[in-house]
Amino acid sequence: MQLIQETPDLSAYLAADEAIDHHHPLVRETAARLAAGAADSYDYARAAFEFVRDTIPHSQDSSDLRVTWRASDVLEQGTGICYAKAHALAALLRAEDIPTALCYQNLGVVHGLVAVRFKGAWHRQDPRGNKPGVDARFSLEGERLAFTPDRKSNEMDYPVLYAEPHPVVLSALQAASDRSHLWRTLPTAL
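What you are looking at is a predicted structure, and each value in this text was computed from that prediction instead of being measured. Along every chain, residues carry numbers that run from 1 in the direction the sequence is written. Two thresholds apply to this predicted model, a pLDDT of at least 70 for residue-level local features and 80 or more for giving and counting side-chain atom pairs, whereas whole-chain, interface and lining totals are computed over all residues. The side-chain figures draw on all heavy atoms in the structure; neither hydrogens nor water molecules are used.

Asker: Outline the packing of helix α1 (residues 25-36) against helix α2 (residues 41-55), supporting the account with residue identities and numerical values.
Answerer: Note on definitions: angles span 0 to 180 degrees between N-to-C directions of axes, and those axes are lines fitted to C-alpha atoms, for helices only across the stretch in contact. By the criteria applied, helices consist of DSSP H or I runs no shorter than four residues and strands consist of E runs no shorter than two, each listed in order from the N terminus. Two elements in contact, α1 and α2, have axes separated by 9 Å at closest approach and are oriented at 125°. Judged by the inter-axis angle, α1 sits oblique to α2. Two packed elements cross with a definite hand, and for α1 against α2 that hand is right-handed. Here Thr30, Ala31, Arg33, Leu34 and Ala35 of α1 come into contact with α2, specifically with Tyr44, Ala47, Ala48 and Phe51. Of the residues in the contact of α1 with α2, the class split is seven nonpolar, one polar and one charged. We call two directions roughly parallel when the angle between them is under 35 degrees, roughly antiparallel when it is over 145, roughly perpendicular when it lies between 65 and 115, and oblique otherwise. Here is the rule for handedness: rotate from the far helix to the near one, and if that takes an anticlockwise turn smaller than a right angle the crossing is left-handed, while a clockwise turn gives right-handed. Whether two residues are in contact is decided by their heavy atoms, any of which lying within 4.5 Å being enough. The residue classification treats Ala, Val, Leu, Ile, Met, Phe, Trp, Tyr, Cys and Pro as nonpolar and Asp, Glu, Lys and Arg as charged. All others, Gly included, are polar.

Now the structure itself:
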């Protein structure tokens, strides 16, 4: 699949916004801590991915009812669904000047992930969190995502790389009073 930038301006994939608030002190502190142990930007990107994947539980897996959507809130509260975890990872990567896009799959409901730009190309990464049957890994040598769409069930990868969270996704997160409410209102398409 060919990934398509929503905007040709690469600086848009480094920008902060309401959800990807990489200027927030907690995001900056976390990024600095992770960067201190990294040899280069690739090593940092892998460390940030593993940090979000492994230390911030997916709220469904942990039965956490809180809904987070802003990157700093995800880091502060230590919980989030796929979209929120993607926002947190995007903020950590953009904080260290690594172009990062938000991208999505349709798996019956819309699933959120990110793409990072290295070596002149975009590489999708899924920080959702591993569990039995899910083994996502950071990779520039072929995708190691949490899920593969089932084409027979009309599941699909969306090819567009967004600089900001898709409005349908952001609206669902912001309107949800808790995860149960969010689960009833998850977007089924973009």
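From this point, the discussion proceeds with the structure in view.
Asker: Please set out the pattern of salt bridges residue by residue, giving values where relevant.
Answerer: The salt bridge definition used is simple: a Lys or Arg side-chain nitrogen within 4 Å of an Asp or Glu carboxyl oxygen. The tally for this structure, following the rule as stated, stands at 14 salt bridges. With its nearest N and O atoms 2.6 Å apart, the salt bridge here joins Glu143 to Arg124. Here Arg124 lies in strand β4 (residues 121-125) and Glu143 lies in the loop between β4 and β5 (156-157), a separation of 19 residues in the sequence. Classification of Glu143 by relative accessible area gives partly exposed; the value is 44%. In this scheme, a residue with accessible area under 20% of its type's maximum is buried, one over 50% is exposed, and one in between is partly exposed, where area comes from a 1.4 Å probe on protein chains only. Residue class for Arg124 comes out buried when judged on its relative accessible area of 3%. Among the salt bridges present, the one from Arg124 reaches Asp157, with a minimum N-O distance of 3.0 Å. With Arg124 in strand β4 and Asp157 in strand β5, this residue pair connects regions lying 33 residues apart in the sequence. Across this residue pair, the class does not change: Arg124 and Asp157 are buried. Three or more residues are tied together by salt bridges with common partners; here these are Arg124, Glu143, Arg151 and Asp157.

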